[in-house]
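Below are the chains, spelled out letter by letter.
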Amino acid sequence: MLLWAEREDRSRDGAKEQHPGLAETDAVRRLLEAAAGEAGVQGEASLWLPSTRRGPLPSPPLARPRRGRPPKVTLRRWTVRGQALAPDAAVLALAGWGDSPGMGRAGQTVVLGDDARSWQAAARLALAALARQRMVPGLVHDPAGDADAARWRLLAADDEVAPRLAALRASMPDSCRAASDDPERAPSAGVLLEGFLHAAVDGLTRRWAEGQAPGPGDGPARRWLAALFGPDAEVRASPAQRQRLRDAHRRWLRGLSVAGDDRARVTFRLEEPSGEEDAWVLRPLLQARDDPSLLVDAAEVWRGELGALAQRFAGAPELLLAGIGHAARMFEPLREALRDAAPSEVALSAEQAFTFLRSAAPLLEESGFGVLVPRWWSRQDARLGARLRVAPAPAGGPGSGQVGMQQLMRYRWDVAIGEASLTREEFEALVAHKVPLLRWRGAWVRLDPEQVEAAARFFERREGERDVPLLEAMRTGLGERSEIDDLPVREVDFEGDAGRWLASLAEGEAPQELPEPPGFEGRLRPYQLQGASWLTFATRLGLGVCLADDMGLGKTVQTLAYLLHEREAGHLDLPVLLVCPTSVVRNWLEEAARFAPSLRTLEHQGATRLQGEALGERLAETELVLTSYAVVRRDAESLQAFDWHAVILDEAQNVKNPGTAQSRVVRRLSTRARVALTGTPIENRLDELWSIVDFLDPGYLGARRDFQKRLALPIEREADEGALSTLRRLVAPLVLRRLKTDRSVIRDLPDKIEQRSHLRLSEEQASLYESVMRDAMRAVEESEGIERKGLVLSMLTSLKQICNHPGQFLGETGRDAALGREGERRSPKLSRLTELLDEMLGAGDAALVFTQYRRMGELLVRHLSHRLGIEAPFLHGGVVASKRAEMVRRFQSEDGPSVLVLSLKAGGTGLNLTRASHVFHLDRWWNPAVEDQATDRAFRIGQRRNVQVHTFVTLGTLEERIDEMIDAKRSLAGDVIASGEQALAELDTATLREIVALRREALP
């Protein structure tokens, strides 16, 4: 296969016959090396292409609309040069490319032509067929030579391959046939396509099966097998030996195709008895391949009643007899049908029907036959299984006081068919019939011998009831419906109060909504009262739970109300430990003093914090202890020495990595109840959700590695709906999540209006971007391991800084960066931000400007002072807590500065900045949850105006790809991909190049 590249611009130089738009072969070679690891060799071809007197027409991706009368078009031959690859290498290159396989020089975009897209589809078909092992060993005869050739071939008649092959054959453009000596006699698209697929399958099978050749031996058959797995495909033997080998191979191939031909196949339909004494009936049919709904009964074939279908099913009698004869090797009762000259049906006993359904039918389907069986056969409710019933244990309950983790459930396993539980007597009565298929309560059921034995053992082991903790019952009942004692779990039924509790928790409600607690100053909104009741009820059941309300919905006041309810019930005989980021401790103190002033609170922070006995004495008269993750890590031994009524983690995403010191410390704290507060229970990966839930309810989601294998990887990589459903079912009672944008939750919050500003680069930025990207990619291609990862991350940072402002990347000071209008000329992004801020200030509004880079924040502060004459404080990670609080207070006051610049991480959580009605994201973070947290500093309760969110995206650059990834990440909270820059560092070079490449639309 020859791959060549066509430029948009045309050259007037070169030979007359040479294609004037021919691109250099170096561009093709680089793309091939990146995609397939090999570039082939330089090659040349003569193509018949549609042409006018001016030359060949541009390929469709390059064509532009023409005005006036269409020119006269004829076929002319043009010479092209490119890289020639073997079919297997071409498959790997084509299948690995997207619509745009990479970049040419000077930021040129590379796309696939129409013929390349068709061959790409063929390449993916070949790979899909190989993944399902749809290839057969072949033998190609050479009449003139002294050796035949061993070749692997695509099994084109496969049920899944055939329709895709037909669709591809019909859609191939004529350009795929352009390389021919005579355009009138060019091979058909189908011939070219099948030749390519057979060659590709042969090359890839040899490549991947290398070293699997049979052991030593001689003889033509052994030589043929060895040639299938080695580099030499020739099978040398005498003419007589080669003839015998070809005959044997031909007979073997007939065995593969006896199920039918290209038009029809033999299908077997099993029909159940209509009465008590009737037999099962197996009928052979003919089924059209292009229309599976078209079935012809064998009896019609023998009577010659095909009518208009006679031509479609030509040779039907021979096809039926050959198919039945071959199928009889896999299902013995079919031999009885062959005693009849016109076999049309076979009567079967229940045992024979069961054998057909369980053993013969899969073999027949694998061999290419069609099989039609009763619908109930595949239904799980037609088989024996296990049914779990869960109800509260007679003693105790959530209303009986502090039950903690000892809440017990009454747990009973039953043997069942469908929804009906079987008593031992009913089970024994079924088994006594001694048939594997029978009618029971008006429906057909199957009694697999293995399941009958498993059910008998099940009765011996599990008959009766037992009491287990609630969490164990939930894990079993809400988890994967797998197996227990070799019986599939059919149904889990939480009865009575247990079902009511879990349904309420999963819907974010408590079975009984509590009133506002005594001592609460203020008024809870309805959804906040619901949340406090939910927390109270769930923790009294003994469940660790996560309040994951959207930022700004008031998780703090709901938590304080919950604590006041606990005190009212007499449960705060031990203090509560609340852990949060250092910057948020002061907020909690102020909120507790405002909404729950009667709650005895202790701030465990700073160099003068209490330790040892002094801390113990103080805790005896304290109800709420506020501390930070940093202090918990340093005071681990001291805090682990005390018992706590509850441990509450605010901004619980801080324990998303279970291996960190602070995660290990909080897990070891001795407590009755555990609560997590976070607006982002999942930031990037499901591992983070596992870590939070494992803190709340240790072991509930299983071991981390097991969780990844069973749930996380199937969801993240394969979008497995079954795994996603299981995970939702498991965590629904433990996580309460409500959104500000849901009007059923909160009706008086203004709207959030999101606007994207799409910008181009300045000439300076484009030049810097292309230069840095080219040099960095060259270094990346020559490195590996940790060095490669570091180079990739460094490149990404540099490119994002260039998109912001050349001065940021070059490390210029304020004066060097040419602030003012000159600085805006160097960065359209800075120019647009200045323009929008000037307009906003004129309207009397206030704004937050987020950037992830401290140097860019400092540049902004200087630029806004110089250009707009305003003060714009910069809140970043280096600002001490006291100055941070003063900065926030000043901004929130009406006479304070109207623009606050913030670093995304330092200013993205724990702040209430509702004076701002505009939020600017100057550069993009990889994580939508982090950006949303930042936006929610302004878009939260207390905001009385609509919030406009301005997001800046530089077209044709890495930023545009980041924007696409962020949109993809928002689609499903539980279905996320690996964290952005770390994930990019692991990408193959071709994909990485495609993401960071500078595209045409970026240029000014």
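Please refer to the structure placed before this passage.
Here goes a summary of the coordinates provided. As the structure is a computational prediction, the values presented were derived from the model and not from experiment.

In this section: the overall build of the protein. In terms of regular secondary structure, the protein is built from 36 helices and 35 strands. Restricting the contact set of the protein to residue pairs at least 6 apart, pairs at least 24 apart contribute 72%. Accessible surface computed for the protein: about 46,500 Å², of which carbon and sulfur atoms make up 48%.

The next thing to look at is the sheet that holds strand β32 (residues 874–875). Whether parallel or antiparallel, the strands of a sheet pair through hydrogen bonds between backbone atoms. Judged by pairing direction, the sheet is parallel, and its six strands sit side by side in the order β30-β35-β34-β31-β33-β32 without closing on themselves. Each edge of the open sheet is held by one strand with a lone partner, namely β30 (752–759) and β32. Sheet strands touched by helix α33 (residues 928–935): β30, β31 (847–851), β34 (918–921) and β35 (947–954). Its angle to β34, the strand with the most contacts, is close to 150°.

What follows is about the environment of Ala592. Turning to its location among the elements, Ala592 is positioned in helix α18 (residues 582–595). Overall, Ala592 belongs to the buried group, its relative accessible area being 3%. For the pair Ala592 and Leu624, spaced 32 residues apart in the sequence, the C-alpha separation amounts to 9.4 Å.

Looking now at the packing of helix α2 (residues 87–96) against helix α5 (residues 189–208). Taken N-terminus to C-terminus, the directions of α2 and α5 make an angle of 90°; their axes are 7 Å apart at the nearest point. Here α2 is positioned roughly perpendicular relative to α5, judged by the angle of their axes. Residue-level inspection shows Pro87, Asp88, Ala89, Val91 and Leu92 of α2 in contact with α5, the latter providing Phe196, Ala199, Ala200, Gly203, Leu204, Arg207 and Trp208. Residue composition of the contact of α2 with α5, by class: nine nonpolar, one polar and two charged.

Before going further, it helps to spend a moment on the nonpolar core. Within the largest apolar cluster, 116 residues are counted, with the highest numbers of intra-cluster contacts made by Leu384, Leu543, Trp644, Leu649, Tyr700 and Leu727. In contact with Leu543, other than residues within four places in its own chain, are Leu470, Leu471, Met474, Leu505, Ala538, Arg674, Asp697 and Leu734.

Topologically, Phe809 is positioned in helix α28 (residues 806–810). C-alpha of Phe809 to C-alpha of Gln765: the two residues are 44 residues apart in sequence and 9.9 Å apart in space. Setting aside its immediate chain neighbours within four residues, Phe809 contacts Leu768, Val772, Ser798, Gln801 and Ile802.

In this model helix α3 (residues 114–131) runs 26 Å from its N-terminal to its C-terminal C-alpha over 18 residues, within 8% of the 26 Å that 1.5 Å per residue would give. Those residues of α3 that are buried are in contact with α2, β7 (135–140), β8 (147–154), α4 (161–171) and α5. Gln133 occupies a position one or two residues after α3 and carries a positive phi of about 60°.

According to the stated counting rule, one finds 39 salt bridges in the structure shown. One salt bridge in this structure joins Arg246 and Asp148, with 2.8 Å as the shortest N-O distance. Placement of Arg246 in helix α7 (residues 239–257) and of Asp148 in strand β8 is noted, with a sequence separation of 98 residues between them. We note that Arg246, like Asp148, is buried. The salt bridge involving Glu623 is made with Arg600; its shortest N-O contact spans 3.3 Å. Highlighted residues: Glu623 in the loop between α19 (612–619) and β26 (624–628) and Arg600 in the loop between α18 and β25 (601–603), separated in sequence by 23 residues. Salt bridges linked by common partners bring Arg269, Glu271, Arg283 and Glu345 together as one network.

This part covers unusual backbone geometry. Unlike most non-glycine residues, Gln133 shows phi in positive territory, near 60°. Assignment of secondary structure puts Gln133 in the loop between α3 and β7. Residue classification places Gln133 among the exposed positions, given a relative accessible area of 60%. Located in the positive-phi region is Lys434, a residue other than glycine, with phi close to 55°.

What follows deals with the packing of aromatic side chains. Throughout the structure, instances matching the rule amount to 12 aromatic pairs. Ring centres of Phe520 and Phe595 lie 5.8 Å apart, and the angle between their planes is 15°; this geometry places the pair in the stacked category. A residue pair is termed long-range when its members are at least 10 positions apart, and Phe520 in the loop between α15 (496–506) and α16 (526–541) and Phe595 in helix α18 qualify at 75 residues. The exposure class of Phe520 is buried, given its relative accessible area of 9%. A connected cluster of aromatic rings, assembled from ring pairs, spans Trp280, Phe354, Trp376, Trp377 and Trp444.

Glancing now at the pairing of strand β27 (residues 643–650). The buried fraction of β27 amounts to seven of the eight residues, a majority that puts the element mostly inside the structure. Note: strand β24 (residues 576–580) against β27, four bridges, orientation parallel. Among the inter-strand pairings, Leu578 is bridged to a residue of β27, identified as Ile648. As paired elements, β27 and strand β28 (residues 670–677) share seven bridges and run parallel to each other. Opposite Ala646, over in β28, you have Ala673 as the bridge partner.

So, how was this worked out
Residues numbered from 1 in each chain as written. Predicted model: local features only at pLDDT ≥ 70, side-chain atom pairs only at ≥ 80, totals over all residues. Heavy atoms only, no water. Helix = DSSP H or I, 4+ residues; strand = E, 2+ residues; numbered from the N terminus. Contact = heavy atoms within 4.5 Å. Areas by Shrake-Rupley, 256 points an atom, 1.4 Å probe, with all protein chains shown as cover. Pairing = 2+ DSSP bridges. Axes fitted to C-alpha atoms, helices over the stretch in contact; angles between N-to-C directions. Buried < 20%, exposed > 50% of the residue type's maximum accessible area, 1.4 Å probe, protein only. Parallel < 35°, antiparallel > 145°, perpendicular 65-115°, else oblique. Nonpolar A, V, L, I, M, F, W, Y, C, P; charged D, E, K, R; others polar. Core = buried A, V, L, I, M, F, W, Y, C linked by side-chain atoms within 4.5 Å. Expected span 1.5 Å × (residues − 1). Salt bridge = Lys/Arg side-chain N within 4 Å of Asp/Glu carboxyl O. Phe/Tyr/Trp six-rings, centres within 6.5 Å; stacked < 30°, edge-to-face > 60°.

This is a description of form; function is not addressed.
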